[in-house]
There are 4 protein chains.
Amino acid sequence: MIITLKPDTTQKGIEHVVEKIKELGFAPHISKGAKRTIIGVIGENPIRYRSVFEAMFIVESVVPISRPYKLVSREFKKENTKFKVGGVEIGGKKVVVMAGPCAVENRDLILEVAKEVKGAGAKVLRGGAFKPRTSPYSFQGLGKEGLKLLAEVSRITGLPVVTEAMDPRQVEVVSEYAHIIQIGARNMQNFDLLREVGRGKCPVLLKRGIASTVKELLMSAEYILSGGNYNLILCERGIRTFEDSTRFTLDLSAIPLIKKLTHLPVLVDPSHGTGMRDLVVPMSRAAIAAGSDGLIVEVHPRPEEALSDGLQALPPQDFRHLMQEIKAVATALGRES
Amino acid sequence: MIITLKPDTTQKGIEHVVEKIKELGFAPHISKGAKRTIIGVIGENPIRYRSVFEAMFIVESVVPISRPYKLVSREFKKENTKFKVGGVEIGGKKVVVMAGPCAVENRDLILEVAKEVKGAGAKVLRGGAFKPRTSPYSFQGLGKEGLKLLAEVSRITGLPVVTEAMDPRQVEVVSEYAHIIQIGARNMQNFDLLREVGRGKCPVLLKRGIASTVKELLMSAEYILSGGNYNLILCERGIRTFEDSTRFTLDLSAIPLIKKLTHLPVLVDPSHGTGMRDLVVPMSRAAIAAGSDGLIVEVHPRPEEALSDGLQALPPQDFRHLMQEIKAVATALGRES
Amino acid sequence: MIITLKPDTTQKGIEHVVEKIKELGFAPHISKGAKRTIIGVIGENPIRYRSVFEAMFIVESVVPISRPYKLVSREFKKENTKFKVGGVEIGGKKVVVMAGPCAVENRDLILEVAKEVKGAGAKVLRGGAFKPRTSPYSFQGLGKEGLKLLAEVSRITGLPVVTEAMDPRQVEVVSEYAHIIQIGARNMQNFDLLREVGRGKCPVLLKRGIASTVKELLMSAEYILSGGNYNLILCERGIRTFEDSTRFTLDLSAIPLIKKLTHLPVLVDPSHGTGMRDLVVPMSRAAIAAGSDGLIVEVHPRPEEALSDGLQALPPQDFRHLMQEIKAVATALGRES
Amino acid sequence: MIITLKPDTTQKGIEHVVEKIKELGFAPHISKGAKRTIIGVIGENPIRYRSVFEAMFIVESVVPISRPYKLVSREFKKENTKFKVGGVEIGGKKVVVMAGPCAVENRDLILEVAKEVKGAGAKVLRGGAFKPRTSPYSFQGLGKEGLKLLAEVSRITGLPVVTEAMDPRQVEVVSEYAHIIQIGARNMQNFDLLREVGRGKCPVLLKRGIASTVKELLMSAEYILSGGNYNLILCERGIRTFEDSTRFTLDLSAIPLIKKLTHLPVLVDPSHGTGMRDLVVPMSRAAIAAGSDGLIVEVHPRPEEALSDGLQALPPQDFRHLMQEIKAVATALGRES
């Protein structure tokens, strides 16, 4: 059960509700957002006490929620969540494409790609400064230097930037330079990291783990919303299966499922999700047709020279083709791009 | 390496080529189609003897094929395979929708559904007479009686019929009553069944096994083509993964992958592939956007009464909605429906 | 609910019970064994009519069974099933090892291997005459000729023989020459084949499908027992997962799980289950320690020359080592070998 | 290629080797252990310059390593790694059992369990103070308070303690109170956490991720060894598959595979790996038979009251039975317990 308090509720008012919840034998879970305080009531069937709380003057609404995830569920919020990042609306009628190289390799490259993808219609620049790599001997990213380059290119091109934080200690600096913090698939259940971005205000892009169910993705999202940060975007990026022709199996059925269960916007990453350049365009079309709110795509001017993941990056001309194709699909289905 | 002989080659001519192949230390694999005889040359690097065969008068062409599947590969045949079944072109510009109930339950039901799906734009009627069921105590289908009902309804509505054979001994009778023989996912590696349909002329719809790679699907397809039957349609119907919100994980990336590797037409089954009615329409849109040549969909007038798989069957009004949606996507991408 | 009739029940008596079952609105499922007739009562909560049947003179017992599989469940039969094949007890205190080459290649080879494995302590000879192969161009087995060789070698060595049938039409001939019919993993849900072996009396070894749950294995086993054939051995042989260092992931936890849920004997196939020679001995030890009733192992005198699956076959000296190792484990746990 | 320098090499000597590596176009990767400095030479085929380095006086050995993991590979170190933690040898002839409750709930409980498991023969106490939980609303562990309780109980019983760190910022405090830091399955690819424990001296227990291959586990292990910490234990704890009767699929074939590829000790966690109490004892036997160096097992005096994972915890009497069973298996195979 979720109790939403009125916007002007005082600390004393909050404590009053909390006391009542404890008195009835439940655990209160307080989440202070920018405008309202929301209190989750955790325990066995709390809804039988609904009227107790509805009778309180400072309570705006009481919503029963049967699912294990509360704040992220459609039961809690019926309408789609939309918010703006650097002037770009996420979760609205327009599908949003985020594009850029896997890793920020140097200033020239990131600037070149940013101009290319902006020209083709991308609205957000992606690029990794902190790179999670399977091997300790692989290129690990430029770190803070990479963040500075992203911020500079963002100023030049006007594109907001999404980039990954891997460690709770990186969240502050990433928030400073970037517009959206990405939590990568390997960290979907790095709960301390989730709590850290949940405490902040910077919008978050949370990728599904390669062996995580949709329900687990939503539970991880709940960590972030219950920390007070509601600006969350989910992302399907492929799961691990027995099929070995593709690098992962892109689970597009997760898109309508997520849309059914939650109010949050959701993107698809066809680059990591397939690992094969030839499949990126058709799977991008399919993602939009399945109801995705956008894409996050790897683009590199010379994929064969990329320091990581070159096999799946699109060269600019293929990316322009991708943008035309998804425009056709989006338009046919009453969306825009 | 594949040797294609000229249309008028005699048995003696064939034997001559076969002898030469054996003499050089290779295994010949003869496949007699309606028009031409094709001989696969199996062994270590046969292409070094290419000129030996090209010099023969009766040889039309010699094609080197590096992949383990030969006749199904794009290397063997560059252009897409198209063929007509009961007046309906499969693999052409138009996306083809096959629809109907999971099982043929009785005459009234199958006739009612056939009229509904035809009205909505379906081109082929599906329905199971022989049903593979996990439990020996579940409804096992009407058998031959079901085939007769399908044939009767086909005559009334003009819709060709696709239905499953599970046992090599059923192939003859299914061919007699149906227009397309379906090989179900559980039988994708039932090699005797594959050989049996490969020896016939009835078009075949081969579903991917739930734990089969795309490469294994193509190897099973090779069994059918190498038997002489080239009228084959492949079908993606979901694979088994750890995700338990959906019944299977529909692997749409298999579609562009199959299109890249082979010349055969491919369909998607969003009903079995998701097991959830709410996901059938969005995943149908996504399938077409990914490049599928069509769909095979379960429709039931009263899904809650269905003798099998009711949770995933669409009621007629939802099916009409599906047809409109995929028309929009198909048109946007330069196809028709 | 399962009704077991007394040994001397007449056809008329059976019909009387069946009529009563139908009258009460349930579906009877008759299974005539060598000694007794058993009638499954399928439907909604039949146990409320238990006393109706217990009151009948010809009824020996009435057992409520909550699981979807009936005859294979521990609820139906508490004690372990044991039976003899060619003088060898399966499911008893002794762990039984079946060994031999993947395929019967020729008389000399199969005779050589049979003598080797017998000398090392194997009790049953394995070898494939009909081989399910992914590619139509691979060696498909010697067929009936291979069966004859197996039978001859069985006569010479005294070892009973287990070999695979892939097609319902092969069941008769395999039963004639072999002592145990193997149903391979690809055919675990080939329901017509299951029915065919269920109608016979030849003991059956049923392998788990590579993407089948333990519950589905038991449902397939139910097809065989409900046909009247109770001499069934189950076999774990690895499932398909994302791990690619091993060919399959041998799921040993299936062994104690199967032992808990059913009364049937169960073996482990460490050769196919790992696909790596180096892992066969340790996984054989582990299988016995997990409670397996035995093993089925591939042995080849010159694995590098094997026509199929050479990478996983053990040379004779390694097989002798395996037999010593499992003897140590079996003895330590109160079994014998 | 790995260059090991002599024990007494000066900083200047190290720099000399590093310069040479760079001059030849390779990347040096320095790892300073307690006794020796090891330098990985990363790049294309460095072994062709082997003699250049072997000729240097300060170089002890040069080892070519073809695998992507270097320091963890058997190619680098042939003999098994053994080390002592609080007087207990890990990786030696004796199999080591670590046992305790899933979470440290309170002082009484952890003390009670510690005495029980010590009495039964366990050598290390396990218990979670920082708990990674799927839901933000579940019990999250006692944190530092839990660490203090573990340390106190360790002093009382003499058992060294293993407990988890989830966040790089927790590593210091966990090292202070515990004897072994556990990295949980969800954090196997939390690379900043791996680097943090790699920089320390506290022994580490690294669990395999639920969707990680054995190769990826070894790459993560390489992060820790290349940081200079060689006291590492690996742990198989089940992978995620389609099978839903067990919570995970315990991949015991990983044990002999890890033993073949690496010199590190490896344990099995049969509690998380199966999620079913009834399977813990047989799978523990199987783990030892497969070659595991020990177990990590959940024990709780009243499993039905446990704050987390009660379904899989063993009550003390079952744990005593487990210890007897694995003693029998270990002894039979020439090990001790």
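Before any of the text, the structure's been laid out above.
Residues numbered from 1 in each chain as written. Chains lettered and ligands numbered in written order. Predicted model: local features only at pLDDT ≥ 70, side-chain atom pairs only at ≥ 80, totals over all residues. Heavy atoms only, no water.

Undergrad: Mind showing me how you'd approach the overall build of chain A here?
TA: Looking only at helices and strands, chain A features 11 helices and 14 strands. Relative to a compact globule of 337 residues, whose C-alpha radius of gyration would be 20 Å, chain A shows 21 Å and is just as compact. In terms of its C-alpha atoms, chain A occupies a principal-axis envelope of roughly 65 × 40 × 40 Å. In chain A, buried positions account for 65% of the 337 residues. For chain A, restricting intrachain contacts to residue pairs at least 6 apart in sequence, the fraction spanning at least 24 positions comes to 67%. Accessible surface, chain A as shown: approximately 12000 Å² in total, 49% of it carbon and sulfur. Charge separation in chain A, taken as the distance between the mean sites of 47 positive and 38 negative side-chain charges, equals 5 Å. (Helix = DSSP H or I, 4+ residues; strand = E, 2+ residues; numbered from the N terminus. Rg over C-alpha atoms; globule rule 2.2 N^0.38 Å. Buried < 20%, exposed > 50% of the residue type's maximum accessible area, 1.4 Å probe, protein only. Contact = heavy atoms within 4.5 Å. Areas by Shrake-Rupley, 256 points an atom, 1.4 Å probe, with all protein chains shown as cover. Lys, Arg positive; Asp, Glu negative; His and termini not counted. Charge placed at Lys NZ, Arg CZ, Asp CG, Glu CD.)

Undergrad: Can you help me understand the pattern of salt bridges in this one?
TA: In a structure, side chains of opposite charge can pair up when their charged atoms sit close to one another. Considering all chains together, one arrives at 92 salt bridges over all chains under this definition. The partner of Asp192(A) in a salt bridge is Arg195(A), and the shortest N-O contact between them spans 3.3 Å. Note that Asp192(A) and Arg195(A) are positioned in helix 6 (residues 191-199) at a spacing of 3 residues, about one turn of the helix. Members of the salt-bridge network, linked through shared partners, are Asp167(A), Arg169(A), Glu196(D) and Arg199(D). (Salt bridge = Lys/Arg side-chain N within 4 Å of Asp/Glu carboxyl O.)

Undergrad: How do you make sense of helix 4 (residues 144-157) of chain C when you look at a structure like this?
TA: Each α-helix winds once per 3.6 residues, and so residues spaced three or four apart point in a common direction. All names here are of chain C. If you check helix 4, its first and last C-alpha atoms are 20 Å apart, about what 14 residues at 1.5 Å a residue would give, namely 20 Å. Those residues of helix 4 not exposed but buried are Gly146, Leu147, Leu149, Leu150, Ala151, Val153, Ser154 and Thr157. Contacts made by the buried residues of helix 4 are with helix 3 (107-120), strand 8 (124-126), strand 9 (161-164) and helix 5 (171-177). Positioned one or two residues after helix 4, glycine 158 has a phi angle of 80°, which is positive. (Expected span 1.5 Å × (residues − 1).)

Undergrad: Whenever I open this one, the nonpolar core confuses me. Can you help?
TA: The tendency in soluble globular proteins is for nonpolar side chains to be buried as a group. Residues Phe319(A), Phe319(B), Phe319(C) and Phe319(D) are the most contacted members of the largest nonpolar core, which totals 348 residues. Excluding anything up to four places from it in sequence, Phe319(A) contacts Val97(A), Ala99(A), Val117(A), Ala120(A), Ala122(A), Val297(A), Val299(A) and Leu314(A). (Core = buried A, V, L, I, M, F, W, Y, C linked by side-chain atoms within 4.5 Å.)

Undergrad: What should I look at first to understand the sheet that holds strand 4 (residues 59-63) of chain A in this one?
TA: Strands belonging to one sheet form pairs held by backbone hydrogen bonds; the direction of such a pair is parallel or antiparallel. All names here are of chain A. Read across the open sheet, the 4 strands follow the order 2-3-1-4; overall the sheet is antiparallel. Every other strand in the sheet has two partners, leaving strand 2 (27-32) and strand 4 as the edge strands with one partner each. Between one strand axis and the next, the sheet turns by 20° as a mean value, whatever way the strands run. The strands touched by helix 1 (residues 11-23) are strand 1 (2-5), strand 2 and strand 3 (37-42); relative to strand 2, the strand with the most contacts, the crossing angle is about 155°. (Pairing = 2+ DSSP bridges. Axes fitted to C-alpha atoms, helices over the stretch in contact; angles between N-to-C directions.)

Undergrad: Sorry if this is basic, but what is going on with empty space enclosed by the protein here?
TA: Over the atoms a probe the size of a water molecule is rolled, and this reveals where empty space is left. All names here are of chain D. Taken as a whole and judged by the stated rule, the model has 2 cavities of 30 Å³ or more. By volume, the largest cavity amounts to about 110 Å³. Looking at side-chain class alone, the lining of the largest cavity contains 6 nonpolar, 4 polar and 4 charged residues. Approximately 30 Å³ is the volume attributed to the second largest cavity. Contributing elements (two or more residues each) for the lining of the second largest cavity: strand 7 (96-100) and helix 11 (316-332). (1 Å grid on protein atoms, 1.4 Å probe; cavity = no way out; pocket = protein on both sides within 12 Å on 5 of 7 lines; lining within 4 Å. Points joined across faces, edges and corners; volume = space filled by probe spheres on them. Nonpolar A, V, L, I, M, F, W, Y, C, P; charged D, E, K, R; others polar.)

Undergrad: Is there a simple way to think about the relation of the copies chain B and chain C in this case?
TA: Each of the two copies of the chain can be brought onto the other by a rotation about an axis and a shift along it. By a simple turn and slide, chain B fits onto chain C: the slide is 0.0 Å along the axis, the RMSD is 0.1 Å, and the turn is 180°. The two molecules are tied by a two-fold rotation axis, judged by turn and shift. Of the C-alpha atoms belonging to chain B, the one lying closest to the rotation axis is found on Ala211(B), 2.8 Å away. Most of the interface of chain B is mirrored in chain C, where 100% of its interface residues again form contacts. (Least-squares fit on C-alpha atoms with pLDDT ≥ 70 in both.)

Undergrad: Just checking my understanding: could you explain the interface of chain B and chain C for this structure?
TA: A common measure of how large an interface is: the accessible area buried when the components associate. Between chain B and chain C, the residue contacts involve 36 residues of the former and 36 residues of the latter. Carbon and sulfur atoms make up 54% of the surface buried where chain B meets chain C, a total of about 3000 Å² over both sides. Remark: the boundary between chain B and chain C carries 18 residue pairs in polar contact (both at pLDDT 80 or more). Mapped onto the side of chain B that touches chain C, the elements with two or more residues apiece are helix 6 (191-199) and helix 7 (214-225) of chain B. It is helix 7 of chain B that contributes the most residues to the side of chain B that touches chain C, 5 residues altogether. (Buried area = accessible area lost by both parts, 1.4 Å probe. Polar contact = N/O pair within 3.5 Å; in protein donor to acceptor, adjacent residues only side chain to side chain.)

Undergrad: Can you help me understand the pairing of strand 7 of chain D in this one?
TA: Side-chain positions along a regular strand alternate between the two faces of the sheet. Residues and elements named next belong to chain D. Of all the 5 residues making up strand 7, 5 are buried; the element is thus mostly covered by neighbouring parts of the structure. The side-chain alternation of strand 7 yields two buried faces, one formed by Val96, Met98 and Gly100 and the other by Val97 and Ala99. When strand 7 meets strand 14 (residues 294-298), the two strands line up parallel, connected through 5 bridges. When the sheet's bridge partners are listed, valine 97 is paired in strand 14 with leucine 295. Note on the crossover from strand 7 through helix 3 (residues 107-120) to strand 8 (residues 124-126): the handedness is right-handed. (Right-handed = clockwise from strand over helix to strand, strands pointing away.)

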